[in-house]
Amino acid sequence: MFRRFLGLDRVADSPARRAGGEPPVVDVADQAETETVRRIVARLEALPPSEARYLASFAYVMSRAAEADLEVSDDETALIERFIVEYGGVDASQAVLVTEMAKFQARLQGGTEDYVVTREFRTISTPDQRVALLRCCFAIGAVDGTITAEEAAVVNQIARELDLEPDVVNRVRAEFHDQLSSVRALRRASGSSGPS
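If you're wondering where the values come from, they're calculated on a predicted model, not measured in any experiment.

This paragraph deals with helix α9 (residues 166–175). For α9, the full list of buried residues reads V168, V169 and V172. Along the axis of α9, the buried positions cluster into a sector of 95°, meaning they face one direction only. Exposed positions of α9 whose direction lies more than 90 degrees from the buried face are P166, R171 and A174.

This is the structure in structure tokens:
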């Protein structure tokens, strides 16, 4: 979607690439899509600055958690979008755009912005909102059934940057205990299949 949004998927069809200087082909679907994106952006821009900052940092931190294994799956993306609707108070089309922008920024900026954005979220959020974000990050890691060691390490780092108390982090982590890859490995080694 972001490639379409930026027009990167149409580079091969650009006027500079066409012989004879033919005029560009105008696709009605592209125009409609562009208008849709503009309407969504206008609605996002209409948000009060404090809400926009909250939404942007919330989405970025979730994208950071999803990017822990260097790939953001379709299931992780869908879950981020769902959480943005649930906790961000925007509609599904806005959530899609926010998610794509956050994923793009998390990939582009990576480690240089991770700490800064997470600390920004800590500054502008309530303790309950920080716990909710941590829960979302664990859920994103667990979306495929297993939270890998890399995913757990990133989520633990996020928890530290959010200044969450260890007992709070442990309570949230306990909700995802059965999905932790280390727990699964121990169960396989001991021949136990876990709780029924």
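Next up on the list: the packing of helix α4 (residues 74–88) against helix α5 (residues 92–109). Interhelical geometry of α4 versus α5 gives an angle of 125° and a closest axis separation of 9 Å. Taken together, the axes of α4 and α5 are oblique relative to one another. Judged by the twist between their axes, the crossing of α4 over α5 is right-handed. Listed contacts from α5 to T77, I80, E81, I84 and V85 of α4 are A92, A95, V96, V98, T99, E100 and K103. Its residues placed into classes, the contact of α4 with α5 shows 7 nonpolar, 2 polar and 3 charged.

Contact geometry for helix α7 (residues 127–142) and α9: axes closest at 10 Å, N-to-C directions at 35°. Between α7 and α9 the crossing geometry is right-handed. Residues V131, L134, R135 and F138 of α7 lie in contact with α9, whose contacting residues are V168, V169, V172, R173 and E175. The residue inventory of the contact of α7 with α9, partitioned by class, reads 6 nonpolar, no polar and 3 charged.

Quick notes on the rules
- Residues numbered from 1 in each chain as written.
- Predicted model: local features only at pLDDT ≥ 70, side-chain atom pairs only at ≥ 80, totals over all residues.
- Heavy atoms only, no water.
- Buried < 20%, exposed > 50% of the residue type's maximum accessible area, 1.4 Å probe, protein only.
- Helix = DSSP H or I, 4+ residues; strand = E, 2+ residues; numbered from the N terminus.
- Arc of directions from axis to C-beta.
- Axes fitted to C-alpha atoms, helices over the stretch in contact; angles between N-to-C directions.
- Parallel < 35°, antiparallel > 145°, perpendicular 65-115°, else oblique.
- Left-handed = near helix turned anticlockwise from the far one by under 90°.
- Contact = heavy atoms within 4.5 Å.
- Nonpolar A, V, L, I, M, F, W, Y, C, P; charged D, E, K, R; others polar.

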